[in-house]
Amino acid sequence: MQLVVGKIGRAHGIRGDVSVEVRTDEPELRLGPGAVLLTDPASAGPLTVESGKVHSGRLLLRFAGVKDRNDAEALRGTILIAEVDPEESPDDPEEYYDHQLIGLDVVLLDGTPVGELTEVVHLPYQDLLTVEKPDGTEVLVPFVTRIVPTIDLENQRIVIDPPGGLIDPEQAEAVQGESDEPGASEDSGSEDSAESEDSE
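This section reports on the structure supplied with the text. Owing to the predicted nature of the structure, the values given are computational and were not obtained by experimental measurement. (Residues numbered from 1 in each chain as written. Predicted model: local features only at pLDDT ≥ 70, side-chain atom pairs only at ≥ 80, totals over all residues. Heavy atoms only, no water.)

1. Considerations on a negative patch on the surface
Here's step 1: Residues D105, E116, E119, E132, D135 and E138 make up a contiguous surface patch of negative charge.
Here's step 2: Mapped onto the secondary structure, E138 falls in strand β10 (residues 138-142). (Patch = residues over 30% accessible without salt bridge, like charges linked within 9 Å, V, L, I, M, F, W, Y side chains within 5 Å. Areas by Shrake-Rupley, 256 points an atom, 1.4 Å probe, with all protein chains shown as cover. Salt bridge = Lys/Arg side-chain N within 4 Å of Asp/Glu carboxyl O. Lys, Arg positive; Asp, Glu negative; His and termini not counted. Charge placed at Lys NZ, Arg CZ, Asp CG, Glu CD. Helix = DSSP H or I, 4+ residues; strand = E, 2+ residues; numbered from the N terminus.)

In structure tokens form, the structure reads like this:
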């Protein structure tokens, strides 16, 4: 099983270091010294991690055979891929590999079907779940506990509790219309803000 674990960014310094956009919850394991990584494009690899460090909040790696800035710049944009045993699971029971989630049914708290999870999108600030609805349209669901409270691998499903309008935009418009009606509470927005801060 192949997992995307990072993407090479700009060269750093003159000795061949590169910045890496991490796309794994286990960078120490997947991107640690000695790790051998496949690449996309394949012609750029395989690459063996020689050393790594964190600088100004960014992961910097040096690969064997990459000796200077020119070599490092040539790798820019390369996707890093790790070979993982399909039966392997993360050490943390609250974490999952992408391949464990893709293909699972997505349902609401009451069991109403939403669609099928087709992709896990890894962004710098959070992960998103791409869910394909029966009509072929896609929605992006923030992969946070408040919205995704249950992942049931045994029954091959994910239970979500989305805010109004995330799955059905028309629902959001209806909620907005209600808030515009006379007599709507003026301080309801401040309550939402407090809830948001608590969730972070």
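Resuming the write-up.
2. Here we look at the pairing of strand β9 (residues 127-132)
Here's step 1: A large share of β9 lies buried, amounting to five of its six residues.
Here's step 2: As paired elements, strand β8 (residues 113-122) and β9 share six bridges and run antiparallel to each other. Opposite V121, over in β9, you have L128 as the bridge partner.
Here's step 3: Here β9 runs beside β10; their pairing, made up of five bridges, is antiparallel. Opposite E132, over in β10, you have E138 as the bridge partner.
Here's step 4: Between β9 and β10, which pair antiparallel in sequence order, lie five residues; one of them, G136, sits at a positive phi of approximately 95 degrees. (Buried < 20%, exposed > 50% of the residue type's maximum accessible area, 1.4 Å probe, protein only. Pairing = 2+ DSSP bridges.)

3. Here we look at the sheet that holds strand β12 (residues 157-160)
Strands in a sheet are paired, the pairing made by backbone hydrogen bonds, and the direction either parallel or antiparallel.
Here's step 1: With mixed pairing, the six strands of this open sheet are ordered in space as β10-β9-β8-β7-β12-β11. The open sheet is flanked by β10 and β11 (150-152), the only strands paired with a single partner. Ignoring which end each strand starts from, the neighbouring axes of this sheet average 35 degrees apart. (Axes fitted to C-alpha atoms, helices over the stretch in contact; angles between N-to-C directions.)

4. A look at the environment of D127
Here's step 1: Checked against the element boundaries, D127 lands in strand β9.
Here's step 2: Judged by its relative accessible area of 18%, D127 falls in the buried class.
Here's step 3: With 104 residues separating them in the primary sequence, D127 and R23 have C-alpha atoms 9.5 Å apart.
Here's step 4: In this structure, D127 is in contact with V121, H122, V141, P142 and F143, ignoring residues within four places of it in sequence. (Contact = heavy atoms within 4.5 Å.)

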